[in-house]
Amino acid sequence: KIIDCQLIIEKIYSFTNLINKLKNKNYILNLNEINQIKLKLNTYIDNFNSNKYNLDKLNLHNKSLIINLLKNIKINYFN
């Protein structure tokens, strides 16, 4: 007998897709996109401190930093 069931669907974004979204000044990242950016950065960069880089506030001020980090990770780990 099943009492309760829950299905969680999460869209997985590629590095290229996330970079393109960040480049668009008018696009507002959703929570899933922000979490995937954090995961990608924290997974592939040694000693990456999310508090230091304040990844909870992905805004126009640090988008260029995040874009460059994602590009470097993509080049170094996926080419």
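Quick caveat: nothing in here was measured; it's all calculated off a predicted structure.

Engineer: Explain the packing of aromatic side chains to me, please; I cannot follow it from the model alone.
Structural biologist: The relation between two aromatic rings is expressed through the spacing of the ring centres and the mutual angle of the planes. By the definition in use, this model includes zero aromatic pairs. It is K40 that lies over the ring of F15; its NZ or CZ is 4.7 Å from the centre.

Engineer: Please clarify how helix α2 (residues 31-44) should be interpreted in this entry.
Structural biologist: Because an α-helix completes one turn every 3.6 residues, residues spaced three or four positions apart along the sequence face the same direction. Compared with an ideal rise of 1.5 Å per residue, which puts 14 residues at 20 Å, α2 spans 20 Å between its outermost C-alpha atoms and is within 8% of the ideal. Those residues of α2 that fall on the buried side of the exposure criterion are E33, I34, Q36, I37, K38, K40 and L41. Residues of α2 that are buried make contact with α1 (15-23) and α4 (63-78). N-capping of α2 is provided by N30, with a side-chain oxygen placed 3.0 Å from the backbone N of N32.

Procedures and definitions
- Residues numbered from 1 in each chain as written.
- Predicted model: local features only at pLDDT ≥ 70, side-chain atom pairs only at ≥ 80, totals over all residues.
- Heavy atoms only, no water.
- Phe/Tyr/Trp six-rings, centres within 6.5 Å; stacked < 30°, edge-to-face > 60°.
- Lys NZ or Arg CZ within 6 Å of the ring centre and 35° of its normal.
- Helix = DSSP H or I, 4+ residues; strand = E, 2+ residues; numbered from the N terminus.
- Expected span 1.5 Å × (residues − 1).
- Buried < 20%, exposed > 50% of the residue type's maximum accessible area, 1.4 Å probe, protein only.
- Contact = heavy atoms within 4.5 Å.
- Polar contact = N/O pair within 3.5 Å; in protein donor to acceptor, adjacent residues only side chain to side chain.

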